[in-house]
Amino acid sequence: MSDSTKPFRIGIAGLGTVGCGVVKVFQRNTDVITTRSSRDIEIISVIAANKNQERGVDLSKYEWASSLSDMAQDKRLDAVVEMIGGSDGQAKDFIIEAIKNGKHIVTANKALLAHHGFELSKLAEDNNVSITYEAAVAGGIPIIKTLREGLAANKITTVYGILNGTCNYILSKMRETERSFDDVLKEAQEKGFAEADPSFDVDGIDAAHKLVLLGALAFGVKPDFKSLEIEGISHVTMRDIKHADDLGYRIKLIGMVQRDGDSVVQTMAPCFVPKNGAMGSVEGAYNAVMTQGDFSDETFIVGQGAGEEPTASSVVADIIDLAKGNYLPTFGVKVKELDKVEWQGTETLNCQCYIHLHVKDVPGVIADITACLKDKNVSIDSFIQKGHEEDGTASVAIITHSTHFKKVQNAINSVRELSSVLDKPTLMRIEDI
Ligand SMILES: NC(=O)c1ccc[n+]([C@@H]2O[C@H](COP(=O)([O-])OP(=O)(O)OC[C@H]3O[C@@H](n4cnc5c(N)ncnc54)[C@H](OP(=O)(O)O)[C@@H]3O)[C@@H](O)[C@H]2O)c1
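The structure contained in this document is the topic of the report that follows.

Conventions we followed
Residues numbered from 1 in each chain as written. Predicted model: local features only at pLDDT ≥ 70, side-chain atom pairs only at ≥ 80, totals over all residues. Heavy atoms only, no water. Buried < 20%, exposed > 50% of the residue type's maximum accessible area, 1.4 Å probe, protein only. Helix = DSSP H or I, 4+ residues; strand = E, 2+ residues; numbered from the N terminus. Pairing = 2+ DSSP bridges. Contact = heavy atoms within 4.5 Å. Salt bridge = Lys/Arg side-chain N within 4 Å of Asp/Glu carboxyl O.

Comments concerning the pairing of strand β1 (residues 8–13)
Here is step 1: Judged by how many residues are buried, β1 sits mostly within the fold: five of six residues are covered.
Here is step 2: Note that β1 and strand β2 (residues 41–47) share six bridges and pair parallel. Of the residues in β2, the one forming a bridge with G11 is S45.
Here is step 3: As judged from the four bridges shared by β1 and strand β4 (residues 79–82), these two strands associate in the parallel manner. In the strand pairing of β4, I10 is matched with A79.

Printed below as a string of structure tokens:
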């Protein structure tokens, strides 16, 4: 444990968007940070891949560490701030070495924690240090602290999240401008909202990494990335978005982790949500997290999910916590207290669903579709057939009553076999959030 009469000393590894943001927060808000920590916090050393790169921030007061390993072993440091990224490789080796050398860890690296969080939390516990990661989930939204501390008295049943700003921006823009996914993605890349390789974002992987951490914290369980079903947004069409709008919904990439007894389901998929509801109102690059607890009831937080300043704000909040001596287990409880649960697939969920079918506009096609649904015990809440295309096809949108998701999946498999059904049907859950 560090001596609170002395400054709390840190090293920062990685000086990109977030790392430089952290330096700027310290330089601009030294007074409030010192007061709230009740002690000075000193950046002793920094390191990035390229020492000579101009970074738009004054680094002249800090030492440049000779290597990541040197920083990890530096006896002067109380904590290291890992802002490099990546689930394996340098960032992981650095964190392991720093933990073994008694340093607390501050990281924004959701990929690393989603895949190796359990082993790292065990190592941290064995070495009496903490791993903090507020910035790893939902950027500037303090959801880790909310779950780990603010809601600690509750049994959490469900956590929902819009956890990727790029996806939410694309879906919002598609609806507002009635443009295709590819078109809006290209614009997002030009404006710097999306990466040159957008697959981590649009395939739902980035959001899934964050959801796994929320689930682990909410239920005090080992993060389990493998059991998470992930579907991205690249197949969402303007037609689905219009159908959603006509029916009173928005389409959002929704992460959900839900516990029922010893069973936990985790899923990341585009869903219909009521357009005037909490999640439906979250537009653009914003993130949001909703929790349901047995005493707290529903909580809902919205904020900037990424970017230099919001993310750095969360990183510095973690550093202040450590400087104050607020050391907590990585997933809220000690490793040996982590609960054992059964990870279930989405087929066990009960929900209403949206189905879209592109069909040949021939007599009897609707009767065939409804027969398939009836056969699998899926009943229809509403049905829209949108006009007739010039090519002799039609677009059919169905909203089911709430039922076992597995039944709807089975019904869709039967519908796909019909010769009058063209293209792969679209199936999305409807979440009333
Ligand atoms: N950007 C966001 O809005 C955001 C939001 C939430 C979480 N995060 C997470 O924050 C972390 C950092 O993201 P970022 O956007 O700041 O990334 P970034 O801009 O790409 O910065 C990465 C930094 O790591 C440095 N680096 C790479 N290899 C290194 C090595 N071997 N030794 C030392 N430094 C090395 C790079 O050095 P050079 O600059 O010299 O190349 C760069 O400064 C990631 O885990 C990311 O997932 C980011």
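Comments concerning the environment of S420
Here is step 1: Along the chain, S420 turns up in the loop between α14 (405–417) and β18 (421–430).
Here is step 2: S420 sits 60 residues away from K360 along the chain, and the two C-alpha atoms are 5.1 Å apart.
Here is step 3: When near neighbours in sequence (up to four residues on either side) are disregarded, S420 contacts H358, V359, K360, V362 and V365.

Re the pattern of salt bridges
Here is step 1: Evaluation of the coordinates by the stated rule reveals 26 salt bridges.
Here is step 2: One salt bridge connects R28 with E309, and the closest N-O pair in it is separated by 3.4 Å. Here the residue R28 occupies a position in helix α1 (residues 17–28), and E309 occupies one in helix α12 (residues 308–323), the gap between them amounting to 281 residues.
Here is step 3: Judged by relative accessible area, which is 60%, R28 ranks as exposed.
Here is step 4: A relative accessible area of 48% places E309 in the partly exposed class.
Here is step 5: In this structure, the salt-bridge partner of K275 is D245, at a minimum N-O distance of 2.9 Å. Taken as a pair, K275 in the loop between β10 (263–274) and β11 (286–293) and D245 in helix α11 (residues 238–246) lie far apart in primary sequence, 30 residues in all.
Here is step 6: According to the relative accessible area criterion, K275 is partly exposed, its value standing at 23%.
Here is step 7: When its relative accessible area of 29% is taken as the criterion, D245 is described as partly exposed.
Here is step 8: A single network of salt bridges, built from pairs that share partners, joins R175, D245, R250, K252, K275 and E283.

None of this, on its own, says anything about what the molecule does.
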